[in-house]
Amino acid sequence: MALRPILKWAGSKRLLAETVRRTFDAPPAVYCEPCVGAGWVYVQRLVVGELRPGPHVVLADLNPALMAFYRGLRAAPQEVLGAMADLPWGEGWRQQYGALRDAFRSWQPGADDVATADQAALFLWLNRACFNGLFRVSKTGNFNTPAGSYAVLARPTDHHVMAFAEALAGVQLVCQPFHATLAGTAAGDQVYVDPPYFGAFGDYTSTTWDYRQQVRLALACSGARVLGAHVVASNADHPKMRALWGSLGFDVREAHAYHSVGATGARRRQAGELLLVGAPPRRRR
């Protein structure tokens, strides 16, 4: 089985990962994702041999539970597998969803925490059990996604869990705002930024992703370019995003992949995506 991300995640870049990968040129000094989510682009670059796990890779996100999960899985994958065995994956799992979601809410990780095996297994189980793998929180930070409609849950194989844990070996797993991650870039670095898309769902944390956040992100990415990083971002194909990123000197490209918009099958539609590509400025001799 080829390596692939361990989590389902809203806004997955499964279809776009190869296109993003091809926008980069030589291997980077440091590879960075400030909004890592499921990490499809990082995994794709591992699969083709452009990257290897290690401290030259920075995977960051503002979601403390997500980053604590990744740290916990990396630290003790065998123990996580053992804890997964105690969770309901077959028929009847829905009867336990409410109680397990309430148990998860009692866990309030900090930015530097490492999930225990039980916490990591529960995070992964909820990810597979909740509606569309959607990590949604209330304004107070409580996970509130309802159960999905699956007959049984798709449990990752032991090999999948172990392989993904190995893909995190030595990687910097950081919980911090995107601007802090981008401010740490330097010449020769490569950055892929996958924020909540403009006009789409954005409640992955208690921070709301509105247009002001989109502007802050674009400015921070422009700042990383000034520092010498090669920055690629993706976002919804919307006139405001074209104008914003274009005004900052990014090459605005239509991506040949689409993301689903809408909470239900009846309302879901396909929306276009943009790649915003910012090569580092050429140095004058």
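To keep things clear, this report deals only with the structure shown in the data block. Remember, it's a predicted structure, so these values are computed and weren't measured experimentally.

### A short note on helix H4 (residues 77–84)
Every buried residue of H4 is accounted for by Pro77, Val80, Leu81, Ala83 and Met84. The buried residues of H4 occupy one face: seen down the axis, they fall within an arc of 165°.

### Remarks on the environment of Asp158
Tracing the backbone through its elements, the reader meets Asp158 in helix H7 (residues 158–167). Distance from Asp158 to Val80, taken between C-alpha atoms, is 9.9 Å for residues 78 residues apart in sequence.

### Looking at the packing of helix H9 (residues 211–226) against helix H10 (residues 239–247)
Their axes nearest at 10 Å, the elements H9 and H10 cross at an angle of 30°. In terms of orientation, H9 and H10 fall into the roughly parallel class. Considering only the axes of H9 and H10, their crossing is right-handed. The residues of H10 that touch H9, namely those facing Tyr211, Gln214, Val215, Leu217, Ala218 and Cys221, are Lys240, Met241, Leu244 and Trp245. Classifying every residue of the contact of H9 with H10 by side-chain character gives eight nonpolar, one polar and one charged.

### Quick word on the nonpolar core
With 65 residues, the main nonpolar core has Tyr70, Phe123 and Trp125 as its most contacted residues. For this core, the leading source of residues is helix H6 (residues 117–129), giving eight residues. Residue contacts for Phe123: discarding those within four places in its chain leaves Leu7, Trp9, Ala65, Leu66, Phe69, Phe104, Trp107 and Phe135. Of all hydrophobic cores here, the second largest spans 23 residues; its members include Cys35, Leu217, Ala229 and Leu244.

### Considering the pattern of salt bridges
In this structure the tally under the stated criterion is eleven salt bridges. Across the salt bridge formed by Lys13 and Glu273, the nearest N and O atoms sit 4.0 Å from each other. Of this pair, Lys13 sits in the segment before helix H1 (17–22) while Glu273 sits in strand S7 (residues 269–278), and the two are 260 residues apart along the sequence. For the pair Lys13 and Glu273, one class covers both residues: buried. The residue Arg45 makes a salt bridge to Glu50 at a minimum N-O spacing of 2.8 Å. Relative accessible area serves as the criterion here: at 0%, Arg45 is assigned to the buried category.

### Examining H7
All of the buried residues in H7 are His160, Val161, Ala163, Phe164, Ala165 and Ala167. Its buried side turned inward, H7 meets helix H2 (40–47), helix H3 (64–75), H4 and H6.

### Re the pairing of strand S2 (residues 57–61)
Burial runs high along S2: five of the five residues are buried. Here S2 shows a buried face lined by Val57, Leu59 and Asp61 and a second buried face lined by Val58 and Ala60. Of the strand pairs in this sheet, strand S1 (residues 31–33) and S2 are connected by three bridges, and their pairing is parallel. Note on S2: the bridge partner recorded for Tyr31 is Val57. This β-α-β element, S1 to H2 to S2, shows right-handed connectivity.

Rules used in this analysis
Residues numbered from 1 in each chain as written. Predicted model: local features only at pLDDT ≥ 70, side-chain atom pairs only at ≥ 80, totals over all residues. Heavy atoms only, no water. Buried < 20%, exposed > 50% of the residue type's maximum accessible area, 1.4 Å probe, protein only. Helix = DSSP H or I, 4+ residues; strand = E, 2+ residues; numbered from the N terminus. Arc of directions from axis to C-beta. Axes fitted to C-alpha atoms, helices over the stretch in contact; angles between N-to-C directions. Parallel < 35°, antiparallel > 145°, perpendicular 65-115°, else oblique. Left-handed = near helix turned anticlockwise from the far one by under 90°. Contact = heavy atoms within 4.5 Å. Nonpolar A, V, L, I, M, F, W, Y, C, P; charged D, E, K, R; others polar. Core = buried A, V, L, I, M, F, W, Y, C linked by side-chain atoms within 4.5 Å. Salt bridge = Lys/Arg side-chain N within 4 Å of Asp/Glu carboxyl O. Pairing = 2+ DSSP bridges. Right-handed = clockwise from strand over helix to strand, strands pointing away.

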